[in-house]
Amino acid sequence: MNTKSMIKIEYSNKVAEFDNMGLARAEVRKILASEKKPEKIVVTVPAGVYSPNDFVFGAEDCSEDTRVIYRADGEAVITAGISVKKSEWKEPDEKIAARFSKKALPHIKMISLSDCGLTQDDWGAKESPIGGAHSGARYDDAVVGCSNSFFTGDKRMIKARFPNKEYDLLEEIVDQGDTDPNTRNPNGGAYRISRRTAERIKKWAEPNKAWIYGYFAHDWADSSSPIDVNIKERLIYPEYVESMGARIDKYFTAFFHFYNVPEELDMEGEWYLDRETGNIYFWAYEGAESADYSYKNDVLISCTNTCNLVFEGFTLLGTETNAIELKNCDDMVLNDLLIKNIGGWAVRANGNRILVSNNEVMHTGMGGIYTSGGDRNTLVHSDNRVTNNYIHHFAEVFTTYQQAIFISGCGNTADHNEICYAPHAGLSVCGDENLVEYNLLHHVVMQSNDAGNIYQGGDWMSRGTIIRYNMIRDSGSDEWKSTGLYFDDGMSGQTAYGNIIINVTGCGITAGGGREHTIMHNLIVNCGVGIGYDSRFHDGFVGRNKFWARVVSHTGPGSAWSNFNHVKGFREGMLAEKYPLRAKMLDFGCDPYSRDCPCSPAYSKVIGNAVIRATGIAPHVAPDKDIIADHAVYVYSDVKDNEYYKTFEEAGWDPEKMILSDDSPVYKDIPGFERIPIEEIGILNKKNIKKQGDKQLCVQQKINL
């Protein structure tokens, strides 16, 4: 620890001062162990740099009778990484300098990790695989987990890659490899690359040290692997198989880039670590005054079995795992924190009555804030709340299914957050009776198809979650078709009303099968499709779908029917009384044409939504309503009274203010359609949000926002 002033403890009109966190925490424990406990203890931590070891808390550090507040006074930084000032950067050594292009060389600087006191045990002898579909855990020699992040100018550096911003396409899948998940050290397969790419690789001194990263089977599943290269045959041999295989067909062509190649360090924002010498070579972002390197998997604030603790005002950075972990904790507060430049999640919290508020999260390798709590079997609410947070430039390393906010369990709330600049989903919900309201999401799902800004998936048993008064805008691109609200793969029991979805390139709202949805009075403007509701599981159950839906819609291990294990006793007692339609499922002998078959898209209401198209944009289908629903949906559910408007003028829509006029025909055409409170959407108390980030490069994306 390096501080200029003392750590102050205040309680019951008493004040004590200490020169390190260890002594201060010992004093807090002594106070909490006393017979007469104070209602509140305030620990004021002065500006300085602190170790994660100072912020590990257990049951002895808390009390149900006493609120203990750890409050930063000035810039108190908790970090496990190192920082090197610009004045200490060096010129690259001659041997490797010869591998850089003449254009890049004048910009490239070097840092020696050995000079910083580190050894190969710290930075590691091998890269770690990244991506949600990587198979590294199946190999004996793989190093699994986040490792080695590098930042200049508070922006994540990109490991030297080719192509720089775009992706390359595989020419042929010679061997997709052994995708059997039970095989140990499986064959990784073989891919053929183009002649142009092979010529590029000829310029690399050590092509077999390169890694390949990409989307090899689906555009929502990424993975990486070290490679061997046969230039003559234009073959790439991944060491680690892509867990879902690889494919080139009329629907999809595997796309990829190479990284960990010093010859490709040819643009601002790229870096390369020589794992033999521990030297980092990099082209810093313009204006950067320091370089920050993280390599440890140290949680920065760790709490287990604690309660009544508050953390305010700290800056957390420089770890390759999660910044904050709360395990089995109640009545906790994380407020006014700046969490940035980490490899894992900003917050992973489990417990009840946890408040995560007024924080800024940026440049995470994985997701933002995850909370879980409550009891689905008794419908006891956790009362966890994630509110008024600004979360941006997240999922920069693991780019799929790493949300800004994920709430799970029963009775969690996510409200008044702003979420932006990310490749995949923005906010996900799992469980029962959760609430998602007044959130602003924009420039999310910028590098994926079949993904939602607000996403829920795969749970027939979920009931009672409400999604209302959220704004989703400017999502996707001409190439990437995003979805606004996505209830995927049989997700059921959701209520969505009063949401505004604008300029989403795919579908405004999608229900992928599922039951008992209420989708009413939403406003969908200039999206690829207004609302889509399919019958994928019903079609699979009766045999019309020959692909994945047919497999998972039949009973068996790993199928959609395993959803019934999530909630116990749903057919009797309190759960059955509150959700009677759910209780009726399976009581009919599994007649596939019954409304009560879990596979049937039944008992839903898609009513009174307004869909507006811009002048000159042709509707995808169904120009009278712009609602797409499979035949079974019309049989088992109510889809009616939705209105379609061909132009902004016809609907009374102001695209600049993003509101309907007071005399908009929507209010007359759709009974009960109320004005959406747009002024309440997003962050309310912006003075507490520093908003350090801007439209910076989303480093794993093709789009420079």
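In this text the structure is predicted, and so the values were computed from the model without any measurement. (Residues numbered from 1 in each chain as written. Predicted model: local features only at pLDDT ≥ 70, side-chain atom pairs only at ≥ 80, totals over all residues. Heavy atoms only, no water.)

## Quick word on the overall build of the protein chain
Thought 1: For the protein chain, the helix and strand inventory stands at 11 helices and 57 strands.
Thought 2: Taken against the 2.2 N^0.38 rule, which gives 27 Å for 705 residues, the C-alpha radius of gyration of the protein chain at 27 Å falls within 12% of a compact globule.
Thought 3: Overall, the C-alpha framework of the protein chain stretches about 80 × 70 × 55 Å when taken along its three principal axes.
Thought 4: Put simply, the protein chain has 705 residues, and 61% of those count as buried.
Thought 5: Total accessible area on the protein chain is roughly 27,800 Å²; 48% of this is exposed by carbon and sulfur atoms.
Thought 6: Seen as two clouds, the 75 positive and the 98 negative side-chain charges of the protein chain have centres 1 Å apart. (Helix = DSSP H or I, 4+ residues; strand = E, 2+ residues; numbered from the N terminus. Rg over C-alpha atoms; globule rule 2.2 N^0.38 Å. Buried < 20%, exposed > 50% of the residue type's maximum accessible area, 1.4 Å probe, protein only. Areas by Shrake-Rupley, 256 points an atom, 1.4 Å probe, with all protein chains shown as cover. Lys, Arg positive; Asp, Glu negative; His and termini not counted. Charge placed at Lys NZ, Arg CZ, Asp CG, Glu CD.)

## Examining the pattern of salt bridges
Thought 1: The full count for this structure, using the stated rule, is 38 salt bridges.
Thought 2: Salt-bridge contacts for D596 lead to K584; the nearest nitrogen and oxygen are separated by 3.5 Å. With D596 in the loop between α8 (580-584) and β51 (605-607) and K584 in helix α8, the pair connects residues that are 12 residues apart, well separated along the chain.
Thought 3: According to the relative accessible area criterion, D596 is buried, its value standing at 12%.
Thought 4: Taken together, the shared-partner salt bridges connect R99, E206, K209, E263 and E276 into one network. (Salt bridge = Lys/Arg side-chain N within 4 Å of Asp/Glu carboxyl O.)

## Quick notes on the side chain of E127
Thought 1: By the secondary structure assignment, E127 is in the loop between α3 (120-123) and β9 (149-152).
Thought 2: At 2.7 Å, the side chain of E127 and the side chain of K159 are in polar contact.
Thought 3: In terms of polar contacts, E127 uses its side chain to reach the side chain of R275, at 3.1 Å.
Thought 4: Apart from residues lying up to four places away in sequence, E127 is in contact with V143, K159, W211, Y259, N260 and R275. (Polar contact = N/O pair within 3.5 Å; in protein donor to acceptor, adjacent residues only side chain to side chain. Contact = heavy atoms within 4.5 Å.)

## Re the sheet that holds strand β10 (residues 155-156)
Thought 1: On the basis of which strands lie adjacent, the open sheet formed by 4 strands has the order β7-β22-β9-β10 and antiparallel pairing. Strands with a single pairing partner mark the edges of an open sheet, and in this sheet they are β7 (82-85) and β10.
Thought 2: As defined by bridge partners, β7 adjoins strand β22 (residues 290-294) across 4 bridges and the pair is classed as antiparallel. Paired with S83 across the bridge in β22 is D292. (Pairing = 2+ DSSP bridges.)

## Considering the sheet that holds strand β11 (residues 158-159)
Thought 1: The 4 strands lie next to each other as β8-β21-β20-β11, forming an open sheet whose pairing is mixed. Of all the strands in the sheet, just β8 (108-112) and β11 have a single pairing partner and so form its edges.
Thought 2: In this sheet, strand β21 (residues 279-283) lies alongside β8 in antiparallel orientation, the contact comprising 5 bridges. The residue of β21 that forms the bridge with I108 is W283.

## Re the nonpolar core
Thought 1: Counting 87 residues, the largest nonpolar core has F311, F314, L316, I324 and I339 as the members making the most contacts within it.
Thought 2: What F311 contacts, discounting residues up to four positions off in sequence, is F55, F57, Y70, I301, C303, M332, V333, L334, N335 and L337.
Thought 3: The next biggest cluster of nonpolar side chains, apart from the first, holds 38 residues, and it includes A142, I193, Y215 and Y259. (Core = buried A, V, L, I, M, F, W, Y, C linked by side-chain atoms within 4.5 Å.)

## With respect to the confidence of the model for the protein chain
Thought 1: In this model, the protein chain carries an average pLDDT of 91, and 93% of its residues clear a pLDDT of 70 or more.
Thought 2: Confidence over residues 615-624 falls short of pLDDT 50; this stretch has 16 contacts with residues more than four positions distant or in other chains.
Thought 3: Segment residues 691-705 is flagged for pLDDT under 50; beyond a separation of four residues in sequence, or across chains, it makes 64 contacts in the model. (pLDDT = per-residue confidence, 0-100.)

## Let's talk about the packing of aromatic side chains
Thought 1: Applying the stated criterion to the full structure yields 30 aromatic pairs.
Thought 2: Seen from their ring centres, W211 and Y259 are 6.1 Å apart, and the 40° between their planes marks the pair as tilted. Here the residue W211 occupies a position in strand β16 (residues 211-218), and Y259 occupies one in strand β19 (residues 255-259), the gap between them amounting to 48 residues.
Thought 3: W211 sits in the buried class, given a relative accessible area of 3%.
Thought 4: Looking at Y259, the relative accessible area reads 5%, which means it is buried.
Thought 5: Grouping aromatic residues by their ring pairs yields a cluster made of Y50, F55, F57, Y70, F311 and F314.
Thought 6: Its guanidinium or amino end placed over the ring of W345, R348 lies 5.1 Å from that ring's centre, counting from NZ or CZ.
Thought 7: Geometry around Y603 places R595 over its ring, the cationic atom sitting 4.2 Å from the centre. (Phe/Tyr/Trp six-rings, centres within 6.5 Å; stacked < 30°, edge-to-face > 60°. Lys NZ or Arg CZ within 6 Å of the ring centre and 35° of its normal.)

## Side note on the pairing of strand β43 (residues 471-475)
Thought 1: With 4 of 5 residues buried, β43 is to be regarded as a mostly interior element.
Thought 2: Inspection of the sheet shows strand β40 (residues 440-442) paired to β43 by 3 bridges, in the parallel sense. The residue of β43 that forms the bridge with L441 is I472.
Thought 3: As paired elements, β43 and strand β46 (residues 500-504) share 4 bridges and run parallel to each other. If you follow I472 over to β46, its bridge partner there is I501.

## What about unusual backbone geometry?
Thought 1: Cis rather than trans, the peptide bond between F162 and P163 has omega equal to -10°.
Thought 2: Mapped onto the elements, P163 comes out in the loop between β12 (161-162) and β13 (168-169).
Thought 3: Phi angles above zero are rare outside glycine, and D154 is one such case at about 60°.
Thought 4: The topology assignment puts D154 in the loop between β9 and β10.
Thought 5: One non-glycine residue, N358, lies in positive phi territory at about 60°.

## Some words on the side chain of N279
Thought 1: As for its placement among the helices and strands, N279 is situated in strand β21.
Thought 2: Sequence-distant contacts of N279, defined by excluding residues within four places in its chain, comprise D93, M110, I111, S112, Y272, L273 and D274.

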